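Letter by letter, the chains look like this.
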Amino acid sequence: MDFTISSQALSSRLQAISRVINPKSIYPILENFLFRVENGRLTVTAADNDTTLEATIELNESDGDGQIALPAKSMLDSLKEIPDQPIRFQIDTDTYSTVIRYQNGEYSIIGQNADEYPTPAVLQEEFTSFSIDSLILQGNLSRTIFATADDELRPVMNGIYFDISADGATFVASDGHKLVCTRNLQVQANEKSSFILPKKPATLLRSILSKDSVAVTVEFDSRIARFSMPEFSMVCRLIDGRYPNYNSVIPQNNPHRLTLDRQTLVNALRRVSVFCSAASGLIKLKIDSDSVDISAQDIDFSTSAKETVVCQYEGVPMSIGFKASFLIDILNNTPGQDIIFQLADPSRAGVIVPAQQNEGENLLMLLMPMVLND
């Protein structure tokens, strides 16, 4: 089996799918890429126990179809050192010896029998499907991944909840302290359905999504989901369980509205949070009609900091506490220049939304407050 391919095209695809490989896998075959040549195209596969990533590349030339498993580390390390040029693979399918020839030299690698490589899980006969633009999917994944939990006792919280209906798609993530809920009216399915995508495949999917607008086909049943796009595809196991009723957590009556510049607030929080207590990370917001006093103190080390930020506030003066790192995370993942805090009282969750929402989208972030000592 011989074929010729662009070194840069192959290297970039291998780099993209290699993130799924677990270096501590109990199955040695999963430390390899699966190379499969068919009809003038090369499909490269990487997998762990739960997720399979595939990339497809057009070949410059090919002679014969077939497949082989090649060591991932050797392939990644060797190809990234070759400048962009056509490289030729000559593979002996009987001995699995592989010679990679480039302009001024060659590599020799021993592969493995590809029949040992696991095949991706297959969807059941009855499954749900919908199509979503890659930019929309990438944006919603980016806004929710940071809010997922790492909770062994509640595994359903360790992923992103996709709630799909004829009216739109809602993406939700929460770790019990913060919650992100983003809805897009441009994504629709023929029937109401849902699934929970684990954090690792969600992160992998975000990394391989095209930076240009392309259609992504999503197909899922009760066990697995498949994401298909022109150059990549991913099959992954879903989290089994019932996601909590996220709508019941979002407070419906928050009469006090605080509007301020997002980046100004982030910069102030970063400066002041240096002086937070290491144990609690508590930061205090004292809100008045036209300013917010941001303060923190560490009693154990007798240090403190305070900064004032200009704002617009409609409501009664209030002091409320949040964990600084959580609030900074939320603000960093909220788009736009200005943000709006919707508040009720210091004991209830604060709702944060962009002052200007994108057309057809509705983004809401929620953060539980912390108890103030004074």
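Since the model is a prediction, treat every value here as computed from it, not as a measurement.

Calculation rules
Residues numbered from 1 in each chain as written. Predicted model: local features only at pLDDT ≥ 70, side-chain atom pairs only at ≥ 80, totals over all residues. Heavy atoms only, no water. Pairing = 2+ DSSP bridges. Helix = DSSP H or I, 4+ residues; strand = E, 2+ residues; numbered from the N terminus. Axes fitted to C-alpha atoms, helices over the stretch in contact; angles between N-to-C directions. Contact = heavy atoms within 4.5 Å. Parallel < 35°, antiparallel > 145°, perpendicular 65-115°, else oblique. Left-handed = near helix turned anticlockwise from the far one by under 90°. Nonpolar A, V, L, I, M, F, W, Y, C, P; charged D, E, K, R; others polar. Core = buried A, V, L, I, M, F, W, Y, C linked by side-chain atoms within 4.5 Å. Buried < 20%, exposed > 50% of the residue type's maximum accessible area, 1.4 Å probe, protein only.

A. Just the sheet that holds strand 2 (residues 32-38), in detail. With antiparallel pairing, eight strands are arranged side by side in an open sheet as 6-2-3-4-17-16-15-10. Edge positions in the sheet fall to strand 6 (66-71) and strand 10 (128-133), since each has one partner strand and no second. When the angles between neighbouring strand axes are averaged without regard to direction, this sheet yields 15 degrees. Packing against the sheet, helix 1 (residues 7-17) makes contact with strand 2, strand 3 (41-47), strand 4 (51-58) and strand 17 (232-237), and its axis sits at approximately 170 degrees to strand 4. Contacting strand 10, strand 15 (215-220) and strand 16 (224-228), helix 3 (residues 134-144) runs over the sheet at an angle of about 95 degrees to strand 10.

B. Representation of the packing of helix 5 (residues 262-273) against helix 6 (residues 324-332) within the structure. With their axes 10 Å apart at the nearest point, helix 5 and helix 6 run at an angle of 155 degrees to one another. Put simply, helix 5 runs roughly antiparallel to helix 6. Helix 5 and helix 6 meet at a crossing whose hand is left-handed. The segment helix 5 lies against helix 6, with R262, L265, V266, L269, R270 and S273 engaging A324, L327, I328, L331 and N332. Residue composition of the contact of helix 5 with helix 6, grouped by class: seven nonpolar, two polar and two charged.

C. Structural view of the nonpolar core. Grouped together as the largest cluster of nonpolar side chains are 61 residues, with contacts concentrated most on L10, F33, F35, F89 and F227. Among the nonpolar cores identified, the runner-up in size contains 38 residues, and A305, M318, I339 and L367 belong to it.

D. Structural view of the sheet that holds strand 26 (residues 361-367). Here we have nine strands laid out as an open sheet, ordered 14-11-12-13-26-25-24-18-22, and antiparallel in their pairing. The open sheet terminates on both sides in strands that have one partner only, identified here as strand 14 (193-198) and strand 22 (312-314). Averaged over all pairs of adjacent strands, the angle between strand axes in this sheet comes to 15 degrees, irrespective of strand direction. Taken strand by strand, helix 5 contacts strand 18 (256-261) and strand 24 (338-343), and its axis lies near 85 degrees from that of strand 18.

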